[in-house]
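Descriptive structure summary
Single-letter residue listing:
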Amino acid sequence: MFKQKTLEEVKASARRSSGNSSAAFYNNPNVRAIFYQILLVFGLGYFFYSIISNVLANMEATGIKTGFSFLGASAGYDVLMTLISFESTDTYGKIFIVGFLNTLLVSAIGIFFATILGFIFGVAAFSHNLLIRKAALVYVEIFRNIPLLLQVFFWYFAVLSALPGARQSLSLGETIFLNVRGLYLPKMVGGDLFWLAEAALGVAIVGIFVLRRWAKKRQDETGQQFPVLNASIAMVIGLPLLALIVTGFPFEMEYPALKGFNYFGGITVIPELMALAIALSVYTGAFIAEAVRAGVQAIPHGQTEAARSIGLKEKKIMQLIIVPQAMRVIVPLLNSEYQSLVKNSTLAAAIGYPDLFNVFVGTALNQTGQAIETIFMTIIVYFVVNMVISFLMNRFNNAVALVSR
Amino acid sequence: MKDFQPIADRPAPVQTVGPVAWIRENLFSSIGNSIVTLGIIAFLVYYIPPILDWAFFSANWSGTTEDACVKDGACWVFINAWSYQFFYGTYPLEEVWRINLMIVLLLIVIAMSFTLPKHYRMKASIAAWLALPLIGMAVLYGGWGGLEVVSTDLWGGFTLNVFMAAASIIVAFPFSFLWALGRRSQMPFIRSVSVIFIEFFRGVPVLSLFFMGSVMLPLFFAEGTNVDKLIRVWLVLIFFMSGYMAEVFRGGFAAVPSGQYEAADSVGLSYWQKILLIILPQVIKISMPNILATFVMLFKNTTFLLIIGIPEVVQTLQTALSNSYWLGGHALEGYLFVFLVFWASCFGMSVLSRRIERTMNTDKRD
């Protein structure tokens, strides 16, 4: 590729280029850049033109309607589980919302438990106890390396369908029941003045933010610390409790009860939701545990030793030295794990949990045949949800990021 | 004057080496730890023997039909009877040598990329890798040189998972490399097109991509063209993979020290000489662990093909479980078997990736 040049040739070429300051215009990088980009514009333009014209021709040939008018049409099918009231005569637009809420529900449950599992097993990798360390390793290596679909099937077909029937339900203190048809939880039904307790909870949550800001300011000024965590927990539990005591407990518990062949009343968690939520939490939890382990491992041991040498207690070392630094590594990884959990929740289609993907790309697409509209509407929802997650996690990341001075 | 009273001798230091000290340190360092240790040991002692008994000692190993399963334990006969379908799907028995041939070729190419003499290893192995999917399509589908045509409807089983994953990542390789370059480019339009492409395919659920491949893509082709479903899904997987791999390569490009780019510029290499001769070899070396991790993700995601009705291994298992001659409830055996196959492959690859990371780490020569 590279021919050895004699000294004369090198000199000659140097003379040529220095004598002739304006090289050929097609060797100018700017001209080339414009040329290539114009080429790309035309290439993409032709690509999209041919796709769109093909789509229109194909749709005309098969008689598929276009546009979003189907959203107003009556769907004519029922949905297994809905968070808002829904009847089979309602529209596709409402089905979209029902599915979206179900997706949000399973994602939120999954993210919550995956984070807990991930942090427990991630920290357990540093336990003093050999068996706990090994248990954490086994958990991560098993559940990370088995496809999520198989895990969903395992929980749904092998574990949850092996539960006893309604009459032999497993029960916890006659309030929580678990059988092959689902998990039955008691429900709180509020009375007249119940809104006071809800309002008190709201006040407590706002109060936590105010308290945190005040405590940080006081620590910056005086160096005194304030037990923010304990005070927050006391507020969240205490204020609503106080409101309940003052108003004389204006609520009653609705317990699930066996009537005929099944339990009624209370909150019913269908097995599809349970299987999907368990599988998502366990699978993503394994990845989060890896992230947490990596985060803690990234901190030099000198940090711990330095903290010990200035006399911090072990608990304070974790809280003030290790965790804040580990979070810098963990939070970006958490962000992508949460996003992939939301995307993976589409596996609901495999077991029939009515999430957005299942009710919309699954059933609505089949009934209307409008593939492009349904798929793109669904994709956009996942994009938006992931953007919201990304936005929140980036805010959180900025809070824990290293402030360089 | 009082008598001199020496202080009592201090006890000898606790032994810090040897098995006793090791056990004390790792298992019984505190009361809490001791309780946990005993708890875990009790749990293992309670549960391991029945599991071993079920899986090995009272399991049924030989036979060809369900009637052979007489003992209480696992019915491995089920796996035995269906093993052909689990691995090869419904591919005709007399043609199965073609699948085996492709597996052998795949292994040869993998071995080649590590063992060929260094001065032409890169060129030869890249050429071999890129040729492999085409050869695979030709051999598996047939229809030339006396080979019978085997319709893609008959392809299936675990080998389909392997081939789909391998064929997608290989073809995605050059594309993802271009997308990564595009994302680093100075040209604003090329850069924004690359960013949109990469973020689109990374941002959507892979299942919706499969649906695109199976129901939306046919609308994109000109009227009358009938592209095989498997090929459509393959196309979608290639796009999906090139989005992910582009991000892997982007990390690799960023990790090459800028001195390398500047040195290449200063010896007068052109853009493509610089990228192909200087930067790319270093990028591949740096990104190797991430490439393998991405491949593992893709490989696990090939099970999602079941949802659009492609008979990969999990779909084959479901078919086997609902077969009317095997209704004895062998779900546990079946899932365990597929678990083990996937776990062994994925875990093997992650071990391999760690080893490659170590051997390829030539930066620190001390």
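Keep in mind that this is a model prediction, so the values were computed, not measured.

Next up on the list: the overall build of chain B. Per the secondary structure count, chain B includes 13 helices and zero strands. Taken from the N to the C terminus, the helices and strands of chain B come in the order α-α-α-α-α-α-α-α-α-α-α-α-α. A compact globule built from 366 residues would reach a C-alpha radius of gyration of about 21 Å, whereas chain B, at 28 Å, exceeds it by more than 25%. A total of 366 residues make up chain B; the buried ones form 30% of that total. For chain B, contacts bridging at least 24 residues in sequence account for 65% of all contacts bridging at least 6.

On to the overall build of chain A. Broken down by element type, chain A carries 13 helices and eight strands. The globule rule puts the C-alpha radius of gyration for 405 residues at 22 Å, and the 30 Å found for chain A is more than 25% above it. Referenced to the eigenvectors of the C-alpha coordinate spread, the extents of chain A come out at roughly 100 × 75 × 45 Å. Relative to its full complement of 405 residues, chain A shows a buried share of 28%. Taking as baseline every contact in chain A between residues at least 6 positions apart, the subset at least 24 positions apart corresponds to 68%.

Moving on: the nonpolar core. The biggest cluster of nonpolar side chains holds 146 residues, and the ones touching the most others in it are L149, V152, A275, L276 and A279 of chain A together with F210 of chain B. Among the elements that make up this core, the one with the highest residue count is helix α8 (residues 271–297) of chain A (16 residues).

Let's shift gears to the domain arrangement of chain A. The figure often quoted for interface size is the accessible area lost as the parts come together. Segmenting chain A into domains produces domain 1 (92–186 + 262–400) and domain 2 (188–254). Computed from C-alpha atoms alone, the centre-to-centre distance between domain 1 of chain A and domain 2 of chain A is 28 Å.

Let's shift gears to the interface of chain B and chain A. Across the contact, 41 residues belong to chain B and 46 residues belong to chain A. Considering every element that reaches the side of chain B that touches chain A, the biggest residue donor is helix α13 (residues 331–360) of chain B, with 10 residues. Looking at the side of chain B that touches chain A residue by residue, the class counts come to 31 nonpolar, eight polar and two charged.

Inspection of the secondary structure puts G329 of chain B in the loop between α12 (313–321) and α13. Along the backbone, G329 of chain B and F56 of chain B are 273 residues apart, and their C-alpha atoms lie at a distance of 18 Å.

Between its first and last C-alpha, helix α4 (residues 130–144) of chain A extends 21 Å over 15 residues, near the 21 Å set by a 1.5 Å rise per residue. Every buried residue belonging to α4 of chain A is among I132, A136, V140, F143 and R144 of chain A, and all of these are buried. Burial along α4 of chain A is one-sided: seen end-on, the buried residues are contained in an arc of 100°. Contacts made by the buried residues of α4 of chain A are with α3 (92–124) and α8 of chain A together with α2 (31–57) of chain B.

Let us now look at the packing of helix α4 (residues 97–115) of chain B against helix α5 (residues 118–141) of chain B. Residue and element names in this part refer to chain B. Taken N-terminus to C-terminus, the directions of α4 and α5 make an angle of 170°; their axes are 9 Å apart at the nearest point. Here α4 lies roughly antiparallel to α5, going by the angle between them. Within the contact between the two elements, α4 uses R98, I99, L101, M102, L105, L106, V109, M112 and S113 and α5 uses R121, A124, S125, A128, W129, L132, I135, G136, V139 and L140. Here the contact of α4 with α5 is built from residues that sort into 14 nonpolar, three polar and two charged.

Residue and element names in this part refer to chain B. Residue position: I103 is located in helix α4. Classification of I103 as partly exposed rests on a count of 14 C-beta atoms within 10 Å. With 33 residues separating them along the chain, I103 and G136 place their C-alpha atoms 9.5 Å apart.

Where helix α13 (residues 371–400) of chain A contacts helix α8 (residues 206–220) of chain B, the two axes come as close as 10 Å, and the packing angle between them is 155°. By the criterion of interaxial angle, the relationship of α13 of chain A to α8 of chain B is roughly antiparallel. For the element pair α13 of chain A and α8 of chain B, the recorded crossing hand is left-handed. Listed contacts from α8 of chain B to A371, I372, I375, T378 and I379 of chain A of α13 of chain A are S208, F211, M212, V215, M216 and L219 of chain B. A class-by-class count of the residues in the contact of α13 of chain A with α8 of chain B yields nine nonpolar, two polar and no charged.

All names here are of chain A. One open sheet holds the four strands; their spatial order is β1-β2-β3-β8, and the pairing between them is antiparallel. The open sheet has two free edges, formed respectively by β1 (170–172) and β8 (267–269), since each of these has just one partner strand. In this sheet, adjacent strand axes meet at a mean angle of 15° when their direction is disregarded. Pairing of strand β2 (residues 176–179) with strand β3 (residues 182–185) involves three bridges; the strand directions are antiparallel. Looking at the pairing, N179 lines up with G182 of β3.

Put simply, chain A has an average pLDDT of 84, and 94% of its residues get 70 or more. Considering each helix and strand of chain A separately, the mean pLDDT is smallest for helix α1 (residues 7–19) of chain A, with a value of 57, and largest for α8 of chain A, with 92.

Glancing now at α8 of chain A. Compared with an ideal rise of 1.5 Å per residue, which puts 27 residues at 39 Å, α8 of chain A spans 38 Å between its outermost C-alpha atoms and is within 8% of the ideal. Burial of α8 of chain A is extensive: 23 of the 27 residues sit out of reach of the surface.

Turning our attention to the confidence of the model for chain B. Residues and elements named next belong to chain B. For chain B, per-residue confidence averages 86 on the pLDDT scale, and residues scoring 70 or more make up 97% of the total. Highest mean pLDDT in chain B belongs to helix α10 (residues 258–266) (92); lowest belongs to helix α1 (residues 19–26) (80). With a pTM of 0.85, the predicted complex shows an ipTM of 0.86.

Calculation notes
- Residues numbered from 1 in each chain as written.
- Chains lettered and ligands numbered in written order.
- Predicted model: local features only at pLDDT ≥ 70, side-chain atom pairs only at ≥ 80, totals over all residues.
- Helix = DSSP H or I, 4+ residues; strand = E, 2+ residues; numbered from the N terminus.
- Rg over C-alpha atoms; globule rule 2.2 N^0.38 Å.
- Buried ≥ 20, exposed ≤ 12 C-beta atoms within 10 Å, placed from the backbone.
- Contact = placed C-beta atoms within 7 Å.
- Core = buried A, V, L, I, M, F, W, Y, C linked by C-beta atoms within 7 Å.
- Domains from an automatic or database assignment.
- Nonpolar A, V, L, I, M, F, W, Y, C, P; charged D, E, K, R; others polar.
- Expected span 1.5 Å × (residues − 1).
- Arc of directions from axis to C-beta.
- Axes fitted to C-alpha atoms, helices over the stretch in contact; angles between N-to-C directions.
- Parallel < 35°, antiparallel > 145°, perpendicular 65-115°, else oblique.
- Left-handed = near helix turned anticlockwise from the far one by under 90°.
- Pairing = 2+ DSSP bridges.
- pLDDT = per-residue confidence, 0-100.

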